Amino acid sequence: MGALQLRDVCKQFGPTKVIHNVSFDVPDGSFTVFVGPSGCGKSTLLRMICGLETVSSGEVMIDGQVANDIPAARRGLAMVFQSYALYPHMSVQQNMAFGLENIGTPKAEIAARVGEAARMLRLEPYLSRKPTALSGGQRQRVAIGRAIVREPRIFLFDEPLSNLDAELRVDMRAELAALHRRLRTTMVYVTHDQVEAMTLADQIVVLRAGRVEQVGHPLELYNRPANRFVAGFIGSPRMNFLEATLAEVQNGLVVAALPGFGLVPTNRLASSLQPGAKLTLGIRPEHAALAEDGVVVGQVGLVEQLGGMSTIRLDQPDLTVQIAGQTGLSFGATVRVALPRHVLHVFDEAGLALPAAPAAPLAT
Amino acid sequence: MANLLTARRGRLRWDWTDWAAHLYLVLGTLVMFGPVLWLGLSSVKSESGLQAYPPTILPYEQARIDVPERGTLKLFHVTQGEHAGQDLAEVRRLGLQSQLVDPANPGTLIRLPIEARTPVMRLHAAWENFTDLFSQFSFARIVWNSVFITVVATVLTLLVNSMAAFALSKYKFSGRDQVFLLMLATLMIPPTIVLVPNYLIASQLGLTNSPWGVIWPAVATPTGVFLLRQYMLTLPDELLEAARMDHASEWRIYWRIILPLSSPALAVLAIFSVMWRWNEFLWPMVVLSRSESFTLPLALNSFQGELTTQWHFLLAMTVLTLLPVTAIFVVLQRHIAQGIASAGVK
Amino acid sequence: MVKLVAALYAALMNLPERPMKWAQSQLSGGRLGWVFVGPNLAIFAIFTFLPIAFDLHYALTGGTQLLPGDRPYVGAENFASLLDCTDHFDPNSCRRDLFWHGIWNTLAFVGLQVGLMLFFSLLTAIVLNGRIIGRSFFRAAFFYPVLLSPVVVALIWKWILQREGLLNAAMEGVGATPVNWLLDGNWAFFWSVFVSIWAHMGFYTLILLAGLQSIPAEINEASQMDATRPFRHFTRITLPLLMPNVLVVLVLGLIRAVQIFDEVYVLTGGGPGSATTFVVQYIYKTGFADQVRQYGLAAAASLLLASVLLVLTLIQMKGQGGGKQRG
């Protein structure tokens, strides 16, 4: 078991409130990722869950039990720290065994659990080495091993891959995903890297400035971002945003006026908005298309050829288009870009996404 | 900030260990700082105030009053007899009898047994302890000796050590590493060991009873060279190369580029040097034997030998000796702590 | 003011410009470095290296003459005289009984002072590393005496410990009998140890505190997540990680304690009797304070002291090397 619930959790340091009424559930067995820009409070939230930080108000519940006042060591959680926090004067074996010795686990069982974890993480040849004699990836695996042997209800990861180089990070990501498939234990993972979040999570919690912006499956966040912030944060390259106004409402759907270019029909419900209201149109670079009849006209400011795909950037308006394959376009060329209505996001003046029309077919 | 508050030892609530820790620190502060405070308070007590036993915390002295035609007289409070409750001035004391007058009516003598009156005490800081030091002794001369030695030795220490550190960190010449090791090796030879031969050398160079006898042996410090060299190693060599491209001479590179950039390390060494020279005792005691060449610690030492009864001067002198160091400490506390923590030297 | 200093600095530093330029033109490659290390090296040579050679000469010659040429060669006589005892554990049976009083006093002093100082500075550092309100104030208060001149330190305590001093007044206040602290051998020795700990403890506390603060917070948190009990955390995590600093404190403390002189000399003058006479005081007294200045004996005693310090320094260098590898 290892379900986690947060109810109106707040955190204050003196007069500064850094976490504002956060509530969400982490189902048992899920891989939940907290993602957000640095300073959004995601690490603080993780430290409150594991008990290294007090909860100012609200409740942290583990398996239905309020854990606010339970000391960190007795919450049955294990944490993998950003710097790994391996004990530098102990061997790999001792590092993994230390926590079990503390709670008086029998020697034979310690040996069995450490052996099993070492085998699983391919650490057997290094058991008698000190952490300084290991590579970054090996240290990372020792830190995970130290968590595994405790057989925790929930694993907590605090940006565990940020100290590794890019290539190793991809490998470790795959290993973590495999580990989760195998152990089926709940994992809570903090990162600022949305790619890590998208690839690892079955549930993402997007945080900004101590508030939850959206909780959901990775593709749900990609397809139906709740607001402009989530839309811009999830997905790479970043979503394009174009300022527009509400020109008219047709069958309840928004028709936007893009200054200088004309009318853009959308699939979004206007709700109570009146013509003239300020809007932001959002379109992902991979959804924008070069087309003869495209509504936006602009000059190419930059072309990035990646071989398998190409990115074309317009200066006026600021718009990025990503196309499959290669392109013959070069700097200064005039292009027209279409904004297909079924992939066009619309946000109101407050940045909230307008809901999609319920019956609107996804394919045109 | 968040981490500072909560990360340590991870206890989330204020418990008995926190109380015990603060209690220990408060008591410790009392032991560490209390004696200095006591010295400060005592130093402004008058000679008679110092003799009071048990001692008073604040400086008191017997009140005096100007009585016409009788001069300045000590004031007493009468506790018995018909004048009880009055404050009278004592004209003279004859055995167990005291002759007093009422300051308002100085013509009439009043005779009382001495146990019928107690002195009237009032708060009074005896600053004259300090001013008299300068008027009654050649104290200015001693202060000057200490200041001269401290300032000149520190300037020379910074110059000579930084030059050596510059060469050892930025030049490649055969023998450089041996020179560095040799200098480090001198860390193993504390001045105590070479007291006798150093005295011979100082006397042969005519340095005895001269401030230069204290200054010269102190100017080359292995600690200073080491500290500055380690710092200069962190300055990029490209700086020197860029300066050479600008046709700067090597000497100019040293004093226009390297020295200003090394100012944090130089500041640490300067603080150390000031402390060392200002407080130094054994070597000056060997090399300076005439009292007019004494530094403050030497003067204090000889003073306490000769004038054990004159605590009011001795205490004032002690306060004057610790004052500059205290001032430096108050201003530069953070730097001193960091310098010591990083260099591991004193 | 700042401008004035800057102008003065520039004017002074410009003076050696021409000779240094000439030296630069004469010396190729890095050999100009010799000119820069020159002054330092010369001072070291005159006041450190040369004296060591002379030390040996003095130790092997006798008489009361200061000039090396006037001193008759006596071989190992000075050493033999220092070491001449019927029972080395009984200073009164030795030819140089004061030297042996000094040695045994120094040994007792070193053991007590270093042990207690290590304990208290470690305790203080650990307390200061905790959740403390006003940490920098307390750190400063404990550190302040380090900066005081040993003479000042001695006088501060002499004033408190004198017969009619603050301590006796306080003792009488609670009904205890006053004690002549510095005129009783055992008490004088105790106060020598106490005052020297008082004066130096802050320095070692600072080194240990720096060591404690360099232990990453995440290590302590990991240990907390591992459910480590406080005592086990201290012995298994904190102490091993602090070991390099503890070793520095131990050896620096030993080197200093072996050379104890200044504050005790002013506080007690080595007395009463020889109760607080230490080796360095013997050297000073024999070479400079006695009517007959026996430079040979003083130098021989210095060399014996130097050999002890050499061993301690080598231990320290080894320890620091080990510490660096670990870090």
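Throughout, a residue's number is its position along its own chain's written sequence, starting from 1. Lettering of chains starts at A and numbering of ligands starts at 1, both following the order in which they are written. Only residues with pLDDT of at least 70 get local features here, since the model is predicted, and only at 80 or more are side-chain atom pairs given and counted; chain-wide, interface and lining totals rely on the full set of residues. As a rule here, side-chain values cover all heavy atoms of the structure and leave hydrogens and water aside.

1. Section: the interface of chain B and chain C
In many analyses, interface size is given as the accessible surface area lost on bringing the parts together. Put simply, the test is: Should any heavy atoms of two residues lie within 4.5 Å, those residues are considered in contact. Buried area adds together the accessible area that both of two parts lose upon being put together, with accessible area traced by a 1.4 Å probe. What makes a salt bridge here is a side-chain nitrogen of Lys or Arg within 4 Å of a carboxyl oxygen of Asp or Glu, nothing more. Under the rule applied, a polar contact is a pair of N or O atoms within 3.5 Å (in protein, one hydrogen donor and one hydrogen acceptor; residues adjacent in sequence only if both atoms are side-chain atoms).
Taken together, the contact pairs 105 residues of chain B with 108 residues of chain C. Interface area for chain B against chain C, summed over the two sides, is near 9800 Å², with a carbon-plus-sulfur share of 75%. Counting across the interface, chain B meets chain C through one salt bridge. The partner of D18 of chain B in a salt bridge is R131 of chain C, and the shortest N-O contact between them spans 3.2 Å. In this assembly, chain B and chain C are joined by 19 residue pairs in polar contact (both at pLDDT 80 or more).

2. What about the pattern of salt bridges?
To keep things clear, this is the line we draw: Using a 1.4 Å probe on the protein chains alone, a residue whose accessible area is under 20% of its type maximum counts as buried, one over 50% counts as exposed, and one in between counts as partly exposed.
Per the stated rule, a full pass over the model turns up 21 salt bridges over all chains. Linking E53 of chain A and R47 of chain A is a salt bridge whose minimum nitrogen-to-oxygen distance equals 3.1 Å. With respect to class, E53 of chain A is no different from R47 of chain A; both count as buried. Put simply, D318 of chain A and R313 of chain A hold a salt bridge, and the shortest N to O gap is 3.5 Å. The exposure class of D318 of chain A is partly exposed, given its relative accessible area of 48%. Each of R47 and E53 of chain A together with E221 of chain C takes part in one network of salt bridges that share partners.

3. So, the packing of helix α5 (residues 139-170) of chain B against helix α3 (residues 33-59) of chain C
To be explicit about the condition: In this description, a line fitted to the C-alpha atoms serves as the axis of each element, helices being fitted only across the stretch in contact, and the angle between N-to-C directions of two axes falls anywhere from 0 to 180 degrees. Put simply, DSSP H or I for four residues or longer makes a helix, DSSP E for two residues or longer makes a strand, and each gets a number counted from the N terminus. Roughly parallel refers to an angle under 35 degrees, roughly antiparallel to one over 145, roughly perpendicular to one between 65 and 115, and oblique to any angle outside these ranges. A clockwise turn of the near helix away from the far one marks a right-handed crossing, whereas an anticlockwise turn of less than a right angle marks a left-handed crossing.
Two elements in contact, α5 of chain B and α3 of chain C, have axes whose closest approach is 8 Å; the angle formed by their N-to-C orientations is 135 degrees. On the basis of their axis angle, the class for α5 of chain B and α3 of chain C is oblique. With respect to the hand of their crossing, α5 of chain B and α3 of chain C are arranged in left-handed fashion. Contacts from V160, N161, M163, A164, F166, A167 and L168 of chain B of α5 of chain B reach α3 of chain C at G33, V35, F36, V37, P39, N40 and I43 of chain C.

4. Quick notes on the side chain of T286 of chain C
Relative to the helices and strands, T286 of chain C resides in helix α13 (residues 279-289). Beyond its immediate stretch of four places on either side in the chain, T286 of chain C contacts V292, R293, Q294, L297 and A298 of chain C.

5. Some thoughts on the confidence of the model for chain C
Just so we agree on the cut-off: A residue's pLDDT is simply how confident the predictor is in it, with values from 0 to 100.
Across chain C, the average pLDDT comes to 85, with 97% of residues at 70 or higher. Taken together, the stretch residues 322-327 of chain C has pLDDT below 50 and engages in four contacts with residues farther than four places along the chain or on a different chain.

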